[in-house]
Amino acid sequence: MATNTLSSTSRVRRTLTTQEPSWVRRALIGLALAFLTLFLFVPLILIFYEALKKGFDVYFAAIIEPDALSAIQLTLTVAAIAVPLNLVFGVAAAWAIAKFEFRGKNLLITLIDLPFSVSPVVSGLIYVLIFGLQGWLGPWLAEHDIKVIFAVTGIVLATVFVTVPFIARELIPLMQAQGTEEEEAAVALGANGWQTFSRVTLPNIKWGLLYGTILCNARAMGEFGAVSVVSGHIRGSTNTLPLHVEILYNEYNFAAAFAVASLLALLALVTLVLKTVVESKITQPKENADEHRSV
Amino acid sequence: MSRFKQHSILPGFNLALGFTLLYLSLIVLIPLSAAFIRTTELSWQEFWFAVTTPRVMASYRLTFGASFAAALVNAVFGLLVAWVLVRYRFPGKKLIDALVDLPFALPTAVAGIALTALYAGNGWIGQYLEPLGIKVAFTPIGVFVALTFIGLPFVVRTVQPVLEDIESELEEAAAMLGANRLQTFLRIIFPTIFPALMTGFALAFARAIGEYGSVIFIAGNMPMVSEITPLLIITKLEQYDYAGATALAVVMLVISFILLLVINLLQWWGRRRSALA
């Protein structure tokens, strides 16, 4: 609601002098849409077209085939471990960074963002250097018959690495903007740490938390490069959904590859819908406040 | 302790910071340092030789060239998309705004096979390009296409908020003083959004350099021609050449860190610029 009133006032203010001629507007819109159609919409449509080209029977057969089901199960398992770990980390990091003043804070924020700038392949490789047969812990792990690389543990570790920043980087600016007054009031009134967090902080950050979790989950389920390095590609055992797509595609089984890919594309679309919904929940209070101030 | 941290009555600082540092060390810092420590097993000459062989040099040229070209295209069209989304009204705008983030949400392997099927000789787009003598799939152009897809949201999402914040008074003043729309754009609007545009460009470039999943399907992966550096790391790993793979990984990491520094400087520049304005 707030967005509508806001943009309508600015539209009134945007008079002829600050508006392009209509042919320019149409040409720019047309060019932007052409670019997005070519690079976004056509590839998206193609995934579903290729998946269903040979009919629903082929489609469902590719999805309920045992290797595909085990890939789905593994992907869900990995996300179910990686996302909660990064959720706890994100809340802890944001609490320390947003609610307290200490030296080296900016360095800490940069370090949290680090995994975003590391190539997925390198993200996988570093775990091979530690847990692989030739790695630091390799001989010890082999002695005790523990497998990390080419096993589920390695996949979880690589996934946790690439998704570390997602929740923390949503919460830090949000909690910084909210300040510490409410928590300080709660503590002054006798609330303990847990009560302060769960009754005061958590209700304030719930949408930001959900937002970060949605993005974190999408990346955790879709990660390819890092997982590919540590997985060993063992069908029915260490194959996640994206890796299963690759195997099917390399076997020229295109219909099945796109069928499995369409599941991941659906996940992406659901992610975008949830993201848009949650985004409006986050920005609405802020825009209401803005509007209030300008009035 | 008192000099390190300002006093606060809120509880949980030691626990929260302690856990954060422990987690970050175990998951991120120690594993990343492993790459640097393991390369010290090589002498400087061995390291230099491993990261400058002709095949590796060819992969740098492709990775950086295609990433730069893709980031440039994204800077131009990302600015255009951001402009259209902020300034104009048209049907389906909300849907399109939401879909801009698709490359962030779509797993890279899925993007890779979709783009390959699209641009292959018999694909929806490839069939029209092939008669013109343009081959996209399984050539360096394919790498460029995949990296353009991957980097698409960065410029849009960095420029969009800055464009939304521009006060229309400034533009009105420019118009009253006799500037036409193009002059207003070039002299008023463009300088304001330039730091954000550069940040978006750098983010798209940094992401493209490390990209793997979407590229390997469409690239064809021919050594010396269409083989990207991340793929070369995997190839070396599969040949049990751990030292060679690690050396290349260190090169990639150093470049990523430099880019991260550049991006932080650009963001600082943008914030200072908007604070002054």
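Bear in mind the structure is a predicted one, so any value in this text is a computation, not a measurement. (Residues numbered from 1 in each chain as written. Chains lettered and ligands numbered in written order. Predicted model: local features only at pLDDT ≥ 70, side-chain atom pairs only at ≥ 80, totals over all residues. Heavy atoms only, no water.)

*Asks:* Would you take a moment to explain the overall build of chain B for this structure?
*Replies:* Helix and strand counts for chain B come out as 13 helices and zero strands. Looking at the 277 residues of chain B, the share that counts as buried comes to 55%. Long-range pairs, those at least 24 residues apart, make up 73% of the contacts in chain B with a sequence separation of at least 6. Counting 18 positive and 15 negative side-chain charges, chain B places the averaged centre of each group 5 Å from the other. (Helix = DSSP H or I, 4+ residues; strand = E, 2+ residues; numbered from the N terminus. Buried < 20%, exposed > 50% of the residue type's maximum accessible area, 1.4 Å probe, protein only. Contact = heavy atoms within 4.5 Å. Lys, Arg positive; Asp, Glu negative; His and termini not counted. Charge placed at Lys NZ, Arg CZ, Asp CG, Glu CD.)

*Asks:* Which parts of the structure should I look at to understand the overall build of chain A?
*Replies:* A count of helical and extended segments in chain A gives 14 helices and zero strands. Traced from its N-terminal end to its C-terminal end, chain A shows the element sequence α-α-α-α-α-α-α-α-α-α-α-α-α-α. Counting the 295 residues in chain A, one finds 50% classified as buried. Pairs at least 24 residues apart make up 72% of the contacts formed inside chain A by residues separated by at least 6 positions. Summed over its atoms, the accessible surface of chain A is roughly 13700 Å², and 66% of this surface lies on carbon and sulfur atoms. (Areas by Shrake-Rupley, 256 points an atom, 1.4 Å probe, with all protein chains shown as cover.)

*Asks:* Explanation requested: the pattern of salt bridges in the structure shown.
*Replies:* A pair can form between side chains of opposite charge whenever their charged atoms are brought close. In total, this model carries 18 salt bridges over all chains according to the counting rule given. Glu-227 of chain B is the salt-bridge partner of Arg-55 of chain B, the closest N and O atoms lying 2.7 Å from each other. On the criterion of sequence distance, the pair formed by Arg-55 of chain B in helix α3 (residues 54-87) and Glu-227 of chain B in the loop between α11 (213-219) and α12 (229-238) is long-range, its members being 172 residues apart. Classification of Arg-55 of chain B by relative accessible area gives partly exposed; the value is 30%. Across the pair Glu-171 of chain B and Arg-87 of chain B runs a salt bridge whose closest N-O atoms are separated by 2.9 Å. Of this pair, Glu-171 of chain B sits in helix α9 (residues 168-176) while Arg-87 of chain B sits in helix α3; the two residues are 84 residues apart in sequence, bridging distant segments of the chain. Accessibility classification places Glu-171 of chain B together with Arg-87 of chain B in one group, the buried group. It is possible to trace a salt-bridge network through shared partners that takes in Lys-275 and Glu-279 of chain A together with Asp-97, Asp-101 and Arg-157 of chain B. (Salt bridge = Lys/Arg side-chain N within 4 Å of Asp/Glu carboxyl O.)

*Asks:* I keep staring at the packing of helix α5 (residues 105-113) of chain A against helix α1 (residues 13-39) of chain B and nothing clicks. Help me out?
*Replies:* When two helices pack together, their arrangement is given by the angle between their axes and by how far apart the axes lie. Relative to each other, α5 of chain A and α1 of chain B sit at 40 degrees, their axes nearing to 11 Å. When the interaxial angle is binned, α5 of chain A and α1 of chain B end up oblique. Seen from above, α5 of chain A lies across α1 of chain B with left-handed handedness. The segment α5 of chain A lies against α1 of chain B, with Leu-108, Leu-111 and Ile-112 of chain A engaging Leu-17, Thr-20, Leu-21, Leu-24 and Leu-29 of chain B. (Axes fitted to C-alpha atoms, helices over the stretch in contact; angles between N-to-C directions. Parallel < 35°, antiparallel > 145°, perpendicular 65-115°, else oblique. Left-handed = near helix turned anticlockwise from the far one by under 90°.)

*Asks:* Looking at this structure, how should I read the environment of Lys-53 of chain A?
*Replies:* Residue and element names in this part refer to chain A. Mapped onto the secondary structure, Lys-53 falls in the loop between α2 (22-52) and α3 (56-64). In this structure the C-alpha to C-alpha distance between Lys-53 and Ile-282, which are 229 residues apart in sequence, comes to 40 Å. Within polar-contact distance, the side chain of Lys-53 engages the side chain of Glu-50 at 3.3 Å. (Polar contact = N/O pair within 3.5 Å; in protein donor to acceptor, adjacent residues only side chain to side chain.)

*Asks:* Is there a simple way to think about unusual backbone geometry in this case?
*Replies:* Within the chain, Asp-145 of chain A stands out as a residue other than glycine whose phi angle is a positive 60 degrees. Tracing the chain through its elements places Asp-145 of chain A in the loop between α7 (138-143) and α8 (152-163). Backbone geometry places Met-224 of chain B, a non-glycine residue, at a positive phi of 75 degrees. A residue is classified by how much of its surface remains accessible, and Met-224 of chain B, at 48% relative accessible area, is partly exposed.

*Asks:* What's the story with the confidence of the model for chain B in this structure? I'm lost.
*Replies:* It should be kept in mind that the predicted coordinates are not to be read in detail where pLDDT is low. Counting all residues, the mean pLDDT for chain B is 93, and 98% of those residues have values of 70 or more. Scored as a complex, the prediction yields pTM 0.91 and ipTM 0.92. (pLDDT = per-residue confidence, 0-100.)

*Asks:* I would appreciate a short explanation of α12 of chain B in the present structure.
*Replies:* Since there are 3.6 residues in each turn of an α-helix, residues three or four apart along the chain are aligned in direction. Residue and element names in this part refer to chain B. Within α12, nine of the ten residues are buried, which leaves the element mostly enclosed by the surrounding structure. Among all positions of α12, only Thr-229, Pro-230, Leu-231, Leu-232, Ile-233, Ile-234, Thr-235, Lys-236 and Leu-237 are buried. Two residues or fewer after α12 comes Tyr-240, characterised by a positive phi angle close to 60 degrees.

*Asks:* I keep staring at the environment of Tyr-119 of chain B and nothing clicks. Help me out?
*Replies:* Along the chain, Tyr-119 of chain B turns up in helix α6 (residues 108-119). Put simply, Tyr-119 of chain B and Ala-247 of chain B are 128 residues apart on the chain and 34 Å apart in space, counted from C-alpha to C-alpha.

*Asks:* Got a minute to help me understand the interface of chain A and chain B in this structure?
*Replies:* Size of an interface: often given as the accessible area lost when the parts come together. Counting residues at the interface gives 90 residues for chain A and 90 residues for chain B. Between chain A and chain B lies a buried interface of about 8300 Å² when both sides are counted; carbon and sulfur atoms form 79% of it. On inspection of chain A and its partner chain B, the count reaches two salt bridges. Asp-101 of chain B is the salt-bridge partner of Lys-275 of chain A, the closest N and O atoms lying 2.5 Å from each other. One can count 13 residue pairs in polar contact (both at pLDDT 80 or more) joining chain A with chain B. (Buried area = accessible area lost by both parts, 1.4 Å probe.)

*Asks:* What is the right way to look at the packing of α3 of chain B against α12 of chain B in this model?
*Replies:* All names here are of chain B. Running from N to C, α3 and α12 cross one another at 145 degrees; their axes reach a closest spacing of 8 Å. Across from Arg-55, Val-56, Ser-59, Tyr-60 and Thr-63 in α3, the residues of α12 making contact are Thr-229, Pro-230, Leu-232, Thr-235 and Lys-236. Split into classes, the residues belonging to the contact of α3 with α12 amount to four nonpolar, four polar and two charged. (Nonpolar A, V, L, I, M, F, W, Y, C, P; charged D, E, K, R; others polar.)

*Asks:* What is the right way to read the packing of aromatic side chains from this model?
*Replies:* Remark: the centre distance and the inter-plane angle together describe each pair of aromatic rings, the angle taken between the planes. Taken as a whole and assessed by the stated rule, the structure comprises 35 aromatic pairs over all chains. Ring centres of Tyr-127 of chain A and Phe-161 of chain A lie 6.1 Å apart, and the angle between their planes is 80 degrees; this geometry places the pair in the edge-to-face category. Placement of the pair is Tyr-127 of chain A in helix α6 (residues 120-131) and Phe-161 of chain A in helix α8, with a sequence separation of 34 residues. Phe-161 of chain A shares its class with Tyr-127 of chain A; the two are buried. A network of ring pairs unites the aromatic residues Trp-95, Phe-100, Phe-102, Trp-194 and Phe-197 of chain A together with Phe-4 and Phe-13 of chain B as a single cluster. (Phe/Tyr/Trp six-rings, centres within 6.5 Å; stacked < 30°, edge-to-face > 60°.)

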